[in-house]
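So the chains spell out like this:
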Amino acid sequence: MNHLADLPFWAAWLVAAFLFIGGSLTLIGSFGLYRLRSFYDRIHAPTLGTSWGTAAVVLASIICFSVLQSRPVFQEILVGIFVTITTPVTLMLLGRAALYRDRSENNPNVPAVDPPEGILDQPKMGDKLESVEQCSSKHE
Amino acid sequence: MSTAILYWAIMFAQTALVAAMLLALTRMIKGPRAQDRVLGLDTLYVNSMLLLLVFGIRTGNTLYFEASLIIAILGFVATVALAKFLMRGEVIE
C-alpha cells in the first residue's frame, strides 16, 4: 500500500468516495437479487451494480492511476464501455428466454401475451362445453 | 490521514463486493429455476470483475485490469450462450 501514500489529499478523497459508492451500490444490487420475489423483479436488481457500481469503481481506478503515473490513463474505461453495452443485451435475452419458458408452461404469474394467430382459432374450454351442448341439442 | 481514509475505503469496497458475491452465489445455488441461476452467475461475474479492479487499485498493479476485462468478456459470452440455451434448447443451430 506504499504507492497510495503518494496520492495527494484531494485524489485520495475522490478515490475513497468513488470506491465507497461503487461497493455499496453493488452490494445493494446483489441484495436485491437475493431478496426480491419473482424473477422479473430480480432481473432489475443487479443492473445497479453494472451501471453506477462499475462506473464508480472504474472512475476511482482512472483517477488513482492517472494521478500516480502523472499522465492520463484511460484504459479502464474499456471495461466500463464494454459492461454498459453488453448488460442490456444479456438481460434482454435472458428475460425473453424466461418469458418464453414461463409461457410455454402456462404459468399464471406471467404478463399477458398477444396471442399468436393459431391460438385464436382453437376453441377455449368454455366454448367447447357450449358447442358440445349445442351438438347434443341438435341431435335430440 | 488520506492514506488511512483510502485504506478503509478499499477495505469497505472489498468487503461489500465479497458480500455481494456471496449473495449472488446464494441465488445461484438456491434459485428456483434455471434463469435465476443464470442471473446469479452473471451477477457473480460482474462482482468478481469489480473486485479485481479494486485489487488493482490496492496493489498499484495495472495487470489486474486485463484480467477483469477478460472476465467481463467471458461473462458476456457465457450469459448469452446460456440464455440462448434456455430459449432454444441448443446453443448453435
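Here is what the cut-offs are and how they apply
Residues numbered from 1 in each chain as written. Chains lettered and ligands numbered in written order. Predicted model: local features only at pLDDT ≥ 70, side-chain atom pairs only at ≥ 80, totals over all residues. Heavy atoms only, no water. UniProt positions renumbered as here; feature names shortened; annotations may be inferred. Helix = DSSP H or I, 4+ residues; strand = E, 2+ residues; numbered from the N terminus. Buried < 20%, exposed > 50% of the residue type's maximum accessible area, 1.4 Å probe, protein only. Contact = heavy atoms within 4.5 Å. Areas by Shrake-Rupley, 256 points an atom, 1.4 Å probe, with all protein chains shown as cover. Salt bridge = Lys/Arg side-chain N within 4 Å of Asp/Glu carboxyl O. 1 Å grid on protein atoms, 1.4 Å probe; cavity = no way out; pocket = protein on both sides within 12 Å on 5 of 7 lines; lining within 4 Å. Points joined across faces, edges and corners; volume = space filled by probe spheres on them. Core = buried A, V, L, I, M, F, W, Y, C linked by side-chain atoms within 4.5 Å. Axes fitted to C-alpha atoms, helices over the stretch in contact; angles between N-to-C directions. Parallel < 35°, antiparallel > 145°, perpendicular 65-115°, else oblique. Nonpolar A, V, L, I, M, F, W, Y, C, P; charged D, E, K, R; others polar. Buried area = accessible area lost by both parts, 1.4 Å probe. Polar contact = N/O pair within 3.5 Å; in protein donor to acceptor, adjacent residues only side chain to side chain.

You'll find chain B entered in an unreviewed UniProt entry as Multisubunit potassium/proton antiporter, PhaF subunit, with Nitrosomonas nitrosa given as the organism. Quoted verbatim from the Subcellular location (unreviewed entry) heading of the UniProt record, the comment on chain B is "Cell membrane". Under Sequence similarities (unreviewed entry), UniProt gives the following word-for-word description of chain B: "Belongs to the CPA3 antiporters (TC 2.A.63) subunit F family."

For chain A, an unreviewed UniProt entry supplies the name Multisubunit potassium/proton antiporter, PhaG subunit and the organism Nitrosomonas nitrosa.

## Describing the overall build of chain B
A tally of regular secondary structure across chain B gives 3 helices and 0 strands. Looking at chain B as a whole, 44% of its 93 residues are labelled buried. If you take every contact in chain B between residues at least 6 apart in sequence, the share linking residues at least 24 apart comes to 49%. Of the roughly 4,400 Å² that chain B leaves accessible, carbon and sulfur atoms contribute 72%.

## Some points on the UniProt feature "transmembrane region" (unreviewed entry) in chain A
Mapped onto the present numbering, the UniProt feature "transmembrane region" (unreviewed entry) falls on residues 12-36, 48-68 and 74-94 of chain A. Between the C-alpha atoms that bound residues 12-36 of chain A the distance is 36 Å, and the span itself is 96% helix and 0% strand.

## Some remarks on the pattern of salt bridges
Overall, the coordinates contain 3 salt bridges over all chains when judged by the stated rule. Taking the shortest distance from any N to any O, the salt bridge between Arg42(A) and Asp36(B) comes out at 2.2 Å. Separated into two different chains, Arg42(A) in helix H2 (residues 39-42) and Asp36(B) in helix H2 (residues 34-59) make up a pair that spans both. You'll find Arg42(A) and Asp36(B) in the same group, each marked buried. Within this structure, Asp102(A), Glu105(A) and Arg33(B) form a network of salt bridges that share partners.

## With respect to the layout of surface pockets
Taken as a whole, the second largest pocket holds about 210 Å³ of empty space. The wall of the second largest pocket is formed by 14 residues, among which Ser38(A), Phe39(A), Tyr40(A), Asp102(A) and Asn107(A) lie closest to the centre. Contributions of two or more residues to the lining of the second largest pocket are made by H2 of chain A together with H2 of chain B. For the lining of the second largest pocket, the element with the most residues is H2(A), which contributes 3 residues.

## Structural notes on the UniProt feature "transmembrane region" (unreviewed entry) in chain B
Residue and element names in this part refer to chain B. Residues annotated in UniProt with the feature "transmembrane region" (unreviewed entry) correspond here to residues 6-26, 38-57 and 63-87. With 100% helix and 0% strand, residues 38-57 has its two end C-alpha atoms placed 29 Å apart. This span, residues 63-87, is 100% helix and 0% strand, and a straight line between its end C-alpha atoms measures 37 Å.

## A word on the nonpolar core
Membership of the largest hydrophobic core comes to 32 residues, with the highest contact counts inside it found for Val15(A), Leu19(A), Val79(A), Leu6(B), Ile10(B), Val54(B) and Ile57(B). Where this core is concerned, the elements lending two or more residues are helix H1 (9-35), helix H3 (47-68) and helix H4 (77-104) of chain A together with helix H1 (2-30), H2 and helix H3 (63-88) of chain B. Tallying contributions element by element places H3(A) first for this core, with 7 residues. Residues in contact with Leu19(A), not counting those within four places in the same chain, are Ala60(A), Ala9(B), Ile10(B), Ala13(B), Val54(B) and Ile57(B). Core analysis: the next-biggest nonpolar cluster, separate from the first, contains 13 residues, Ile43(A), Val38(B), Ala83(B) and Leu86(B) among them.

## Side note on the packing of H2(B) against H3(B)
Residues and elements named next belong to chain B. Closest axis-to-axis distance for the H2/H3 pair is 9 Å, and the angle between their directions is 175 degrees. Comparing the axis directions of H2 and H3 gives the class roughly antiparallel. For the contact of H2 with H3, the class distribution of residues is 16 nonpolar, 7 polar and 1 charged.

## Details of unusual backbone geometry
A positive phi angle, near 50 degrees, is found at Ser70(A), a position not held by glycine. Examined against the element boundaries, Ser70(A) turns out to sit in the loop between H3 and H4.

## Concerning the interface of chain A and chain B
In this complex, chain A contributes 57 residues to the contact, which on the side of chain B involves 53 residues. Of the roughly 4,700 Å² buried between chain A and chain B, counting both surfaces, carbon and sulfur atoms make up 79%. One can count 3 salt bridges joining chain A with chain B. Here Arg33(B) makes a salt bridge to Asp102(A), at a shortest N to O gap of 2.6 Å. Viewed at the interface, chain B and chain A are joined by 7 residue pairs in polar contact (both at pLDDT 80 or more). For the side of chain A that touches chain B, the secondary structure elements donating two or more residues are H1, H2, H3 and H4 of chain A.

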